[in-house]
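As a plain string of letters, each chain reads:
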Amino acid sequence: MNRATFPHRVLPWLLIAPQLLISLVFFYWPAVQALWQSTLREDAFGLKTTFVGLANFRKVLADPAYLNAIQVTVVFSILTAFFSMAVALFLAVQAEKVVRGKGFYRTVLIWPYAVAPAIAGMLWLFMFNPSFGSLAWPLKQMGIDWDPLLNGKQAMGLVIAAASWKQISYNFLFFVAGLQAIPKSLIEAAAIDGAGSRRRFWTIVFPLLAPTSFFLLVVNGVYALFDTFGIIHAVTGGGPGKATETLVYKVYNDGFVNLQLGSSAAQSVILMAIVIGLTAFQFRFIERRVHYG
Amino acid sequence: MATLSLKDVRKSYGKTEVIHGVSIDVEDGEFVVIVGPSGCGKSTLLRMVAGLEAISSGVIEIGGTVVNDLEPRARDIAMVFQNYALYPHMTVADNMGYGLKIAGLPKAERAEKVRRAAEMLDLLPYLDRKPRALSGGQRQRVAMGRALVRDPAAFLFDEPLSNLDAKLRVQMRLQIKELQRTVGITSLYVTHDQVEAMTLADRLIVMNAGVAEQIDTPMAIYDRPANTFVAGFIGSPAMNILPARINAAGNGVILDGGPEIGLPDRLPASVGPGKTVLLGIRPEHFTLSRDGMAGSFPVVVHAVETLGADAYAHGRLTAVAPDSLVVRVPGHLDLHPGRPIHVVPNRDMLHLFEPETGKRL
């Protein structure tokens with residue numbers, strides 16, 4: 001490996017300074033702030049701040065609403081990551097088979113990624129609104145008692161569908177690239193070895209996509225945990241009841257709506273710990289099984 | 001084990017036909033090599049036999065069964081790819097046993113077959129390794145092993161040696177030939193390397209631009225090339241092909257540039273005195289001679305390639321002649337560019353071709 005070296009001592013620091021500055025201002029500073037705030041209690045009028053140690057954490061972890069949010073988050077994240085990746089992989093495999101207009105299909109399938117989360121949420125809300133949704137009507141005609149405003153499970157289904165749909169394009173793009181990186185002769189060799197197309201997919205293509213799948217698993221996990229706030233906010237607002245209130249949504253709700261800053265900060269800190277733990281786990285235990293070509 | 005036959009097989013992409021009706025009959029256990037320059041359609045032909053490309057018309061039979069519309073897996077063939085196409089996430093043993101596993105063979109039987117093939121190919125110590133931990137030659141052997149364990153009706157080889165270095169290529173060439181003899185499986189082998197083609201083939205197919213120009217044993221093709229393309233492609237360095245004219249008596253040819261060379265045989269009636277022809281002489285079919293010896297003519301040398309045992313003298317009949325001529329001479333000969341050497345062509349090794357069509361006369 002040929003490493004570029006700078007004779008100067010200050011220059012390297014200068015070059016990474018912008019990135020460092022951004023990280024400091026937008027990541028470390030708020031993180032430290034949250035950490036500090038999670039140990040404080042603010043009175044209702046903002047006149048007095050008391051140091052309470054770990055009281056906020058104790059309170060949060062004993063709160064049944066918080067435990068509910070954890071459960072909602074787990075269900076929501078796993079299903080969102082699974083569906084967005086599974087559908088994207090299916091579409092990518094099908095798009096590979098297309099002979100004519102490959103580029104067209106790919107381009108069209110990538111567009112949803114350009115839609116902002118809140119807008120995506122609104123689209124799904126309009127389509128499935130029980131009173132005027134264009135897709136709610138056929139559901140009702142089929143005899144389904146469609147009402148995500150009252151039925152928690154249906155509301156959950158709706159946000160999962162919206163959140164998955166939003167991410168499918170992104171995953172699709174990576175899966176297409178991943179599929180293209182698999183030498184065609186491997187598939188042909190497997191075909192000659194007697195494997196049918198389904199068998200070829202599961203024994204050759206899928207294992208060779210593992211690096212892509214692993215990367216997407218990490219990205220989709222983070223996406224489902226954090227970036228879906230806009231969709232949930234637009235579609236259900238965490239309701240009905242607390243049926244779709246994820247951890248991130250609860251942080252926002254408690255902090256900015258209910259103004260319990262200490263509790264909200266404590267929740268952020270817990271969330272931070274969860275994400276760090278999850279990512280470490282993924283790299284330690286799942287990446288081992290990934291084969292890089 | 002089976003015969004393999006192609007009858008007027010054609011392939012078109014859209015309106016462009018790239019294979020113009022090739023017919024081959026490969027006998028049971030025969031080793032047939034398809035050789036040709038890149039882009040001549042030889043790989044396409046092989047892929048059509050494998051079932052990886054659809055054929056546009058014609059019939060392909062393997063073991064007497066028409067396989068035109070059969071999937072590759074139903075054709076009972078094994079193929080060795082140019083880049084080996086080993087499954088990178090599987091061990092050597094799994095790579096070799098993949099086809100057997102799909103065929104539903106019990107584990108113990110599978111392991112036994114893989115072990116036997118690995119033994120033949122000196123791969124026993126590597127069975128638990130992944131392909132990336134192997135050298136090029138070892139990977140090539142794994143690819144061979146994968147074909148071997150399946151015990152198919154026919155082997156198809158798509159330039160299997162072109163990714164190896166020269167020394168290894170010679171070694172593997174011998175090994176492939178030996179292996180094919182031992183197991184006696186009908187083989188179709190594609191290469192652009194004419195040395196590989198000559199040494200491996202029981203029969204040789206020389207292809208050019210989607211047409212099988214000549215199908216025969218390697219020596220027959222070397223001795224009696226069917227046209228100027230085959231003449232120029234088989235043999236290294238390539239055969240000298242020079243414009244010439246039949247002499248008045250009809251028993252010799254006069255080269256453009258002077259010298260007359262006697263012909264041994266009676267010419268066919270169509271080749272009368274005065275007819276222009278193309279004369280082919282291989283570089284190895286010249287004998288050096290002293291100045292003025294009967295039948296000799298001078299060649300003005302302008303470049304010399306020394307290989308050791310031999311040297312190739314590139315020269316011209318006269319200092320201004322347009323066509324260059326290559327003559328094989330002993331390696332120790334002291335040659336100087338600009339000076340002439342005197343050569344006598346071997347009269348029994350002359351080839352005459354029709355100038356317009358390039359066909360042998």
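Everything numeric in this text was worked out from a predicted model, so none of it was measured. (Residues numbered from 1 in each chain as written. Chains lettered and ligands numbered in written order. Predicted model: local features only at pLDDT ≥ 70, side-chain atom pairs only at ≥ 80, totals over all residues.)

Engineer: An account of the overall build of chain B is requested, with residue identities and associated values reported.
Structural biologist: Along chain B, the regular secondary structure elements total eight helices and 20 strands. Its C-alpha atoms give chain B principal-axis dimensions of about 80 × 45 × 35 Å. The proportion of buried residues among the 361 residues of chain B is 40%. Here the contacts in chain B between residues at least 6 apart in sequence split such that 65% fall between residues at least 24 apart. (Helix = DSSP H or I, 4+ residues; strand = E, 2+ residues; numbered from the N terminus. Buried ≥ 20, exposed ≤ 12 C-beta atoms within 10 Å, placed from the backbone. Contact = placed C-beta atoms within 7 Å.)

Engineer: Outline the overall build of chain A, listing residues and values.
Structural biologist: Scanning chain A from N- to C-terminus turns up 13 helices and two strands. If you line up chain A on its principal axes, its C-alpha atoms span 75 × 75 × 30 Å. Going through the 293 residues of chain A one by one, you find that 31% of them count as buried. Across chain A, every contact between residues at least 6 apart in sequence was considered, and the portion connecting residues at least 24 apart equals 69%.

Engineer: Run through the UniProt feature "domain: ABC transmembrane type-1" (unreviewed entry) in chain A, naming residues and quoting values.
Structural biologist: As annotated by UniProt and renumbered to match this structure, "domain: ABC transmembrane type-1" (unreviewed entry) occupies residues 70–282 of chain A. In the segment residues 70–282 of chain A, helix accounts for 77% and strand for 0%; the C-alpha atoms at its two ends are 19 Å apart. (UniProt positions renumbered as here; feature names shortened; annotations may be inferred.)

Engineer: Give me the lowdown on the UniProt feature "domain: ABC transporter" (unreviewed entry) in chain B, citing residues and values where you can.
Structural biologist: Within this numbering scheme, the UniProt entry marks residues 4–234 of chain B as carrying the feature "domain: ABC transporter" (unreviewed entry). Structurally, residues 4–234 of chain B comprises 37% helix and 26% strand, and the distance from its first C-alpha atom to its last is 25 Å.

Engineer: Before we move on, can you summarise the sheet that holds strand E8 (residues 186–191) of chain B with the specific residues and values?
Structural biologist: All names here are of chain B. Taken in spatial order, the six strands line up as E6-E7-E8-E3-E9-E10 in an open sheet, and their pairing is mixed. In this open sheet, the two strands that pair with only one neighbour each are strand E6 (77–80) and strand E10 (211–216). On average, adjacent strands in this sheet sit at an angle of 15 degrees to one another, irrespective of strand direction. Note that strand E7 (residues 154–158) and E8 share five bridges and pair parallel. The residue of E8 that forms the bridge with Asp-158 is Val-190. (Pairing = 2+ DSSP bridges. Axes fitted to C-alpha atoms, helices over the stretch in contact; angles between N-to-C directions.)

Engineer: Describe in detail the nonpolar core, supporting the description with residues and values.
Structural biologist: Counting residues in hydrophobic clusters, the biggest one holds 148 residues, and the most contacted among them are Val159(A), Val33(B), Ala154(B), Leu156(B) and Leu188(B). If sequence neighbours within four positions are ignored, Val33(B) has contacts with Tyr189(B), Thr191(B), Ala197(B), Leu200(B), Ala201(B), Leu204(B) and Ile205(B). (Core = buried A, V, L, I, M, F, W, Y, C linked by C-beta atoms within 7 Å.)

Engineer: Describe the domain arrangement of chain B, listing the residues and the values that go with them.
Structural biologist: Accessible area lost during the coming together of the parts is what is often quoted as the interface size. Looking at chain B, the domain boundaries give domain 1 (4–233) and domain 2 (240–353). Grouping the constituent residues of the side of domain 1 of chain B that touches domain 2 of chain B by class yields two nonpolar, three polar and no charged. (Domains from an automatic or database assignment. Nonpolar A, V, L, I, M, F, W, Y, C, P; charged D, E, K, R; others polar.)

Engineer: Just give me the short version of the UniProt feature "transmembrane region" (unreviewed entry) in chain A, but keep the residues and values in it.
Structural biologist: Residues and elements named next belong to chain A. Residues annotated in UniProt with the feature "transmembrane region" (unreviewed entry) correspond here to residues 12–31, 69–92, 104–127, 155–180, 201–226 and 265–286. The span residues 69–92 carries 100% helix and 0% strand; its end-to-end C-alpha distance comes to 33 Å. A helix fraction of 75% and a strand fraction of 0% characterise residues 104–127, whose end C-alpha atoms lie 26 Å from each other.

Engineer: Which residues make up the interface of chain B and chain A, and what values go with them?
Structural biologist: On the chain A side, the residues contacting the 17 residues of chain B number 16 residues. Where the side of chain B that touches chain A is concerned, the elements lending two or more residues are E6 and helix H2 (92–103) of chain B. Looking at the side of chain B that touches chain A, the element that brings in the most residues is H2(B), giving four residues. Looking at side-chain class alone, the side of chain B that touches chain A contains 13 nonpolar, three polar and one charged residues.

Engineer: Describe the sheet that holds strand E15 (residues 286–288) of chain B, naming the residues involved and giving the relevant values.
Structural biologist: Residues and elements named next belong to chain B. Spatial strand order, E15-E19-E16-E17-E18: five strands in an open sheet with antiparallel pairing. The open sheet has two edge strands with one neighbour each: E15 and strand E18 (325–330). Ignoring which end each strand starts from, the neighbouring axes of this sheet average 50 degrees apart.

Engineer: An account of the confidence of the model for chain B is needed here, citing residue identities and associated values.
Structural biologist: Model confidence for chain B is summarised by a mean pLDDT of 88, while 98% of its residues fall at 70 or above. For this predicted complex, the interface confidence reaches an ipTM of 0.81, while the overall pTM sits at 0.78. (pLDDT = per-residue confidence, 0-100.)

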